Amino acid sequence: MAEAIGALGQNTETEDPPAPVPQSWAGYSWYMLKKIGTRTYGVMHYLGEKLAWGFGITSPDWQYAIDYYEDLKAEEKEEREQEERALREQQEECLQRLRELEGQAAKSWRPRGSLASQHVGSA
């Protein structure tokens, strides 16, 4: 069989390394059992992925819990923003009322001891 040579002069074919020559029949049996088991596992894993995709069961087992948690976080954030908005509106109303009261106090305020408020007729 001709070997494919890559750009760097390396062998690009991917073949299993040759089987080691074990010393006994039991060792060779163990080697073949591991090789067959590994390949069978790889094939079953591949087929399992394809079947799961075909049946549509590739989503995480706990996706409903993740979605519920994200929904709770979104609701909490929305509630917090609404509370902050309400607090800002309340602060603005208080500031506006305070400015109105300051304006009324400035109009009605007269300094004490002014000549206009003293009686001039006592001499």
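See above for the structure.
Read on for an overview of the structure.

Rules of the game
- Residues numbered from 1 in each chain as written.
- Predicted model: local features only at pLDDT ≥ 70, side-chain atom pairs only at ≥ 80, totals over all residues.
- Heavy atoms only, no water.
- Helix = DSSP H or I, 4+ residues; strand = E, 2+ residues; numbered from the N terminus.
- Expected span 1.5 Å × (residues − 1).
- Salt bridge = Lys/Arg side-chain N within 4 Å of Asp/Glu carboxyl O.
- Patch = residues over 30% accessible without salt bridge, like charges linked within 9 Å, V, L, I, M, F, W, Y side chains within 5 Å.
- Areas by Shrake-Rupley, 256 points an atom, 1.4 Å probe, with all protein chains shown as cover.
- Phe/Tyr/Trp six-rings, centres within 6.5 Å; stacked < 30°, edge-to-face > 60°.
- Buried < 20%, exposed > 50% of the residue type's maximum accessible area, 1.4 Å probe, protein only.

**A word on helix α1 (residues 25-55)**
Here is step 1 of the chain: The terminal C-alpha atoms of α1, which comprises 31 residues, lie 44 Å apart, in line with the 45 Å expected from a rise of 1.5 Å per residue.
Here is step 2 of the chain: One or two residues past the end of α1 sits G56, with phi positive at roughly 75 degrees.

**Considering the pattern of salt bridges**
Here is step 1 of the chain: The full count for this structure, using the stated rule, is 2 salt bridges.
Here is step 2 of the chain: The closest approach of N and O atoms between E100 and R97, which form a salt bridge, is 3.5 Å. Here the residue E100 and the residue R97 both occupy positions in helix α2 (residues 63-108), the gap between them amounting to 3 residues, near one helical turn.

**Remarks on a nonpolar patch on the surface**
Here is step 1 of the chain: A surface patch of nonpolar side chains, about 400 Å² in accessible area, is lined by V43, M44, Y46 and L47.
Here is step 2 of the chain: Tracing the sequence through the fold places Y46 in helix α1.

**Quick word on the packing of aromatic side chains**
Here is step 1 of the chain: Summed over all chains, the structure comprises 2 aromatic pairs.
Here is step 2 of the chain: With a centroid separation of 6.5 Å and 35 degrees between ring planes, the pair formed by Y28 and Y31 is classed as tilted. In this pair, Y28 and Y31 both sit in helix α1, 3 residues apart, roughly one turn of the helix.
Here is step 3 of the chain: Here Y28 falls in the partly exposed class, since its relative accessible area comes to 39%.
Here is step 4 of the chain: What makes Y31 partly exposed here is its relative accessible area of 22%.
Here is step 5 of the chain: Arranged with centres 6.0 Å apart and planes meeting at 35 degrees, the rings of W62 and Y64 form a pair that is tilted.

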